[in-house]
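A look at the structure
Spelled out, the chains give:
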Amino acid sequence: MKTALITGVNGQDGAYLSELLLEKGYMVHGIKRRASLINTERIDHLYQDPHEQGVRFRLHYGDMTDSTNLIRIIQEVQPDEIYNLAAMSHVKVSFDIPEYTANADGIGTLRILEAVRLLGLEKKTRIYQASTSELYGLVQEVPQKETTPFYPRSPYAVAKLYAYWITVNYREAYKMFACNGILFNHESPLRGETFVTRKITRAVAAIALGLQKTLFLGNLDARRDWGHARDYVKAMWLILQQDEPEDFVIATGITTPVREFVKMAFAEIGVQLEFRGSGVNEKGYVAASTHADFPLETGTCVVAVDPAYFRPTEVDLLIGDPSKSKQKLGWEPECTLDQLVKEMVTADIEVFKQKNKTQFEHLIG
Ligand code: NDP
Ligand code: GDR
């Protein structure tokens, strides 16, 4: 039985990857940090009572900023594969907490690599690093592929740039099986609520149930290459099963503006939609940031641009070229954007039916 260690196990990707590895017969260890609430909703269905025999899913408290704890866990677990998914993963928030982001996302990756090396596990343990299309940042070439130059545009992307190169460096210097998956945006009903797709599908669900009328967003013109997280974790696993360690772009090859995603999500519930606010302003509205700015006709919903959600430097266009992963990994995305939107809206309507209005006030993110 192979043993895997997943950092960020209770995040979106950690949950789907845990499911996949358990299905494949792995013993799965996950690192989660301590929080005042338990914060395991995404993996509760995988829980196994540690007092039973033959348990194949175990959690450990840990933090990417604490190397002593990472060394201890890796020593105890002796993993065949480490999937380093833990990160402060919100691009806009990284402008607010840049130093912490560098520590957790950049140096955190070094801590994992160095722990494996110090413990003499370089030949045994394969390492997957969760790299990102945010590395491409300011457009240098489209579609973006493994050889496209990087130009990061946020503290998050700069921290991930360090993580990318330190992974390459440990591979070259110490002959470690360490690989970067350069994953483009991937979403699901488990996506964090402050990323744009989930923010939209939650608002659509609340609107469908008559609980909300206005959705405040930032830049509607940014374009993203969106896939489904369930497809993308399969690629992570495939990357570590190759004969040679290499880096791979994982993407759909199709790009869509945020504005179009909004339209697709609202089309699921068939309400009339108006775009208002600064930036998109065919009708001459000024920047709007309060509900009072929008006296509404019955049956109409407003998507308003609030500049509070703009980033100091934006990534305008992401579109990945997944040819290498198709050719070498045999990987292709299965879920289309239409199917993804439908799945997310349907799931959020269900969530909202179960919960109370006070929990779905507008979120910052
Ligand atoms: P999430 O934000 O959903 O999950 C991140 C996980 O990391 C959470 O479990 C979080 O724990 C944990 N974490 C954060 N900081 C620390 C820390 N200091 N110590 C230990 N754990 C920590 O992200 P995703 O699942 O979407 O993404 C997984 C990885 O892939 C991330 O590294 C992300 O940057 C990267 N990525 C994601 C893409 C995407 O589109 N989803 C695309 C490309 C890369 P907690 O719940 O306590 O916050
Ligand atoms: P991103 O995802 O920054 O690409 O990073 P996010 O969903 O946050 O933003 C996508 C685009 O939508 C625009 N946008 C908004 N974004 C948010 N969050 N909230 C809004 O209200 C809003 N309005 C418009 C953004 O400006 C942006 O252009 C994600 C994360 O998962 C990273 O960890 C990962 O590395 C990359 O994807 C690939």
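Parameters and conventions
- Residues numbered from 1 in each chain as written.
- Chains lettered and ligands numbered in written order.
- Predicted model: local features only at pLDDT ≥ 70, side-chain atom pairs only at ≥ 80, totals over all residues.
- Pairing = 2+ DSSP bridges.
- Helix = DSSP H or I, 4+ residues; strand = E, 2+ residues; numbered from the N terminus.
- Axes fitted to C-alpha atoms, helices over the stretch in contact; angles between N-to-C directions.
- Contact = placed C-beta atoms within 7 Å.
- Near = placed C-beta within 6 Å.
- Nonpolar A, V, L, I, M, F, W, Y, C, P; charged D, E, K, R; others polar.
- Buried ≥ 20, exposed ≤ 12 C-beta atoms within 10 Å, placed from the backbone.
- Domains from an automatic or database assignment.
- pLDDT = per-residue confidence, 0-100.
- Parallel < 35°, antiparallel > 145°, perpendicular 65-115°, else oblique.
- Left-handed = near helix turned anticlockwise from the far one by under 90°.

**A few points about the sheet that holds strand β5 (residues 126-132)**
The pairing of strands in a sheet comes from backbone hydrogen bonds and takes either a parallel or an antiparallel form. One open sheet accounts for 7 strands, arranged β3-β2-β1-β4-β5-β6-β11; its pairing is parallel. Strands at the two margins of the open sheet, each flanked by one partner only, are β3 (57-61) and β11 (248-250). Taking each pair of neighbouring strands and ignoring which way they run, the sheet shows an average axis angle of 20°. Along the sheet face, helix α2 (residues 67-77) touches β1 (3-7), β2 (27-32) and β3 and points at about 160° away from the line of β1. Contacts from helix α7 (residues 229-240) reach β4 (81-84), β5, β6 (178-183) and β11, with the element oriented near 155° to β6.

**Overview of the site of ligand 1**
Around ligand 1, the structure places 25 residues, and the nearest of them are G8, G11, A86, A87 and A130. Elements that contribute at least two residues to the shell around ligand 1 include exactly α1 (12-23) and β5. Each residue belonging to the shell around ligand 1 can be placed in one class, and the counts come to 9 nonpolar, 13 polar and 3 charged.

**Here we look at unusual backbone geometry**
Cis geometry is found at the peptide bond from V142 to P143, where omega equals -10°. One can find P143 in the loop between β5 and α5 (155-174). Here the phi dihedral of N39 falls at roughly 60°; this positive angle occurs in a residue that is not glycine. Its location among the elements puts N39 in the loop between β2 and β3. In this structure N39 comes out as partly exposed when scored by C-beta crowding, with 13 C-beta atoms within 10 Å. Even without glycine at this site, K175 takes up a positive phi of about 55°. Looking at where K175 falls in the secondary structure, it is placed in the loop between α5 and β6.

**So, the domain arrangement of the protein**
Interfaces are often sized by the accessible area lost when the parts come together. Assigned domains within the protein: domain 1 (3-183) and domain 2 (196-224 + 257-315 + 335-355). Listed by partner, the interface residues are 7 residues for domain 1 and 5 residues for domain 2. Of the residues contributing to the side of domain 1 that touches domain 2, the split by class is 2 nonpolar, 2 polar and 3 charged.

**Considerations on the site of ligand 2**
Not every one of the 23 residues close to ligand 2 is listed here, only the nearest: S89, T132, V196, G218 and A222. Here the shell around ligand 2 takes 3 residues from helix α6 (residues 196-208), the largest share from any one element. When grouped by side-chain class, the residues that make up the shell around ligand 2 number 8 nonpolar, 9 polar and 6 charged. Residue-level mapping places the shell around ligand 2 at the junction of two domains, with at least three residues from each of domain 1 (3-183) and domain 2 (196-224 + 257-315 + 335-355).

**A few points about the confidence of the model for the protein**
Residues of the protein with pLDDT of at least 70 account for 91%, and the chain-wide mean is 92. Segment residues 279-288: pLDDT under 50, and 16 contacts once partners within four positions in sequence are set aside and those in other chains are kept. In the model, residues 357-365 has pLDDT below 50 throughout and makes 15 contacts with residues more than four positions away in sequence or in other chains. Across the predicted assembly, pTM comes out at 0.95 and ipTM at 0.99.

**Quick look at the packing of α6 against helix α10 (residues 337-354)**
Interaxial distance between α6 and α10 falls to 8 Å at its minimum, and their mutual angle equals 55°. By the angle between their directions, the pair α6 and α10 is classed as oblique. Note on packing geometry: the crossing formed by α6 with α10 is right-handed. Mapping the contact onto sequence places T197, R198, T201, R202, V204, A205, A206 and A208 in α6 and M344, V345, D348, I349, V351 and F352 in α10.

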